[in-house]
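# A closer look at the structure
Here are the chains, one letter per residue:
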Amino acid sequence: NSTIIELTPFALSHLPHASQPIDVGTLMPNVCMNCTRLLCGIAEPQLCDGAAVDDEIVPLCFQRDSLQDELIVTGFLLLVVGLLVWAAVRAHIKPVIARLLTQYGYQNLAATYE
């Protein structure tokens, strides 16, 4: 069983199940330094019921991806989806473009789309 507890000062000061208030002024600047068994026991006390605290509770800290990473991945996915859509509709769009070019007097250019 695992539970994710956000370690930002705002989130720690507004924990719904905390057994006691957490003084955000005493938190370390490095967020992962605050990830301790004691903080887990205060933030979510029902998780620690019946557990041998030294043996069964393992605090782990991880950081979520940055906004820049998310934008790069989202941009890549949009590019791939756009290329797939273009590959699927290209055969249907080429005759339409050729017909429009011929209609407006661009026969030389229309020949490249046929």
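Note that this is a predicted model, so its numbers are computed, not measured. (Residues numbered from 1 in each chain as written. Predicted model: local features only at pLDDT ≥ 70, side-chain atom pairs only at ≥ 80, totals over all residues. Heavy atoms only, no water.)

### Details of the overall build of the protein chain
What the protein chain contains, in helices and strands, is five helices and zero strands. In the protein chain, the order of α-helices and β-strands from amino to carboxyl end is α-α-α-α-α. Counting the 114 residues in the protein chain, one finds 15% classified as buried. Relative to all contacts within the protein chain whose residues are 6 or more apart in sequence, the contacts with residues 24 or more apart total 37%. Carbon and sulfur atoms make up 61% of the accessible area of the protein chain, which amounts to about 9,200 Å² in all. (Helix = DSSP H or I, 4+ residues; strand = E, 2+ residues; numbered from the N terminus. Buried < 20%, exposed > 50% of the residue type's maximum accessible area, 1.4 Å probe, protein only. Contact = heavy atoms within 4.5 Å. Areas by Shrake-Rupley, 256 points an atom, 1.4 Å probe, with all protein chains shown as cover.)

### A word on the environment of Ala-111
For Ala-111, the position within the fold is in the segment after α5 (107-110). Taking the C-alpha atoms as reference points, Ala-111 and Ala-98, 13 residues apart in sequence, are found 7.1 Å from one another.

### Re the confidence of the model for the protein chain
Averaged over all residues, the pLDDT of the protein chain equals 77, while 76% of them reach at least 70. Of all secondary-structure elements in the protein chain, the lowest mean pLDDT belongs to helix α3 (residues 53-56), at 60, while helix α4 (residues 67-103) reaches the highest, 91. (pLDDT = per-residue confidence, 0-100.)

### Quick look at a nonpolar patch on the surface
Side chains of Val-73, Phe-76, Leu-77, Val-80 and Leu-84 sit close together on the surface and give an oily, nonpolar patch of about 480 Å² of accessible area. Turning to its location among the elements, Val-80 is positioned in helix α4. Overall, the relative accessible area of 32% leaves Val-80 in the partly exposed class. (Patch = residues over 30% accessible without salt bridge, like charges linked within 9 Å, V, L, I, M, F, W, Y side chains within 5 Å. Salt bridge = Lys/Arg side-chain N within 4 Å of Asp/Glu carboxyl O.)

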